[in-house]
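Commentary on secondary and tertiary structure
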Amino acid sequence: MDRSVLSCLLRLDRCRRRELKRALAPYQYVGVMHLIVLYISRHPGASQEEITGFYALDKTSVARDARRLEDLGHIRRCTAPDNRRQYQLFLTEAGQAMTGVIDEATRRFQQSLSAGIPPEDWQQLAVLLQQLVNNICPVPPGGEGPQAGGGACRAAGEKKPPEGLTGSPLQKVQ
């Protein structure tokens, strides 16, 4: 691959990060918090491990930012029924509301990014980039998202599971 292609991809990613950081700063979102929220919105009950595998992130960053999201009241963590050392993650109402903010910031960036590019060229670029992703970032087993099950849920800031919450996932945000 031509070095200029990789350089362009890197520059685009840095610009995207800068714009998202600016747009999400008023909500105290840092790091990969927005990625966690988006993944959970599409895969309620996902584990931190699934998120790290899907986005090729390190486990420490995801664990730290998931804890921050829980402290903000944007997610709740539930003990997985089949592995008590693992959590299933679900969005709260505040977390669901943030998906709209994140999607809007992403939409604005994509709109400015694609200015002047015909839709058919944009579509072809999407196909080529997806092939690059498929070449080096295969979807991990179970990467399509978990099926929500039982387990004890922990609301934001709570030390023990609340009564009556046993893995009822929040509805997927459209």
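The rules behind these values
Residues numbered from 1 in each chain as written. Predicted model: local features only at pLDDT ≥ 70, side-chain atom pairs only at ≥ 80, totals over all residues. Heavy atoms only, no water. Helix = DSSP H or I, 4+ residues; strand = E, 2+ residues; numbered from the N terminus. Buried < 20%, exposed > 50% of the residue type's maximum accessible area, 1.4 Å probe, protein only. Contact = heavy atoms within 4.5 Å. Areas by Shrake-Rupley, 256 points an atom, 1.4 Å probe, with all protein chains shown as cover. pLDDT = per-residue confidence, 0-100. Axes fitted to C-alpha atoms, helices over the stretch in contact; angles between N-to-C directions. Parallel < 35°, antiparallel > 145°, perpendicular 65-115°, else oblique. Left-handed = near helix turned anticlockwise from the far one by under 90°. Nonpolar A, V, L, I, M, F, W, Y, C, P; charged D, E, K, R; others polar. Pairing = 2+ DSSP bridges.

All right, on to the overall build of the chain then. Across its full length, the chain carries six helices and three strands. Reading the helices (α) and strands (β) of the chain from amino to carboxyl end gives α-α-α-α-β-β-α-α-β. Taken across its 174 residues, the chain has 31% of its residues classed as buried. Taking the contacts inside the chain whose residues are at least 6 apart along the sequence as the reference set, 63% of them involve residues at least 24 apart. Counting every atom, the chain has about 11,100 Å² of accessible surface; 54% of that belongs to carbon and sulfur.

Our focus in this paragraph is helix 2 (residues 33-42). Among the ten residues that make up helix 2, nine are buried, leaving the element largely enclosed by the rest of the structure. Within the sequence span of helix 2, burial applies to Met-33, His-34, Leu-35, Ile-36, Val-37, Leu-38, Tyr-39, Ile-40 and Ser-41. Those residues of helix 2 that are buried are in contact with helix 1 (3-24), helix 3 (48-55), helix 4 (59-72), strand 1 (75-80), strand 2 (83-91) and helix 5 (93-113).

To continue, consider the confidence of the model for the chain. Looking at the chain, pLDDT values average 81 and 78% of them are 70 or higher. Looking at the elements of the chain, mean pLDDT is at its lowest for strand 3 (residues 153-154), recorded as 42, and at its highest for helix 2, recorded as 97. Scored below 50 in pLDDT, residues 143-174 shows 78 contacts in the model against residues more than four places distant or in partner chains.

Before going further, it helps to spend a moment on the packing of helix 1 against helix 5. Close contact between helix 1 and helix 5 brings their axes to 10 Å; oriented N to C, the two are set at 140°. As summarised for this structure, helix 1 and helix 5 are arranged oblique, according to the angle between their axes. Once helix 1 is placed against helix 5, the crossing between them reads as right-handed. Here Leu-12, Cys-15, Arg-16, Glu-19, Leu-20, Arg-22, Ala-23 and Leu-24 of helix 1 lie close against helix 5, whose contacting residues are Met-98, Val-101, Ile-102, Ala-105, Thr-106, Arg-108, Phe-109 and Leu-113. Across the contact of helix 1 with helix 5, the residue classes tally to eleven nonpolar, one polar and four charged.

On to the pairing of strand 2. When strand 1 meets strand 2, the two strands line up antiparallel, connected through six bridges. Bridging across to strand 2, Cys-78 finds its partner in Gln-88.

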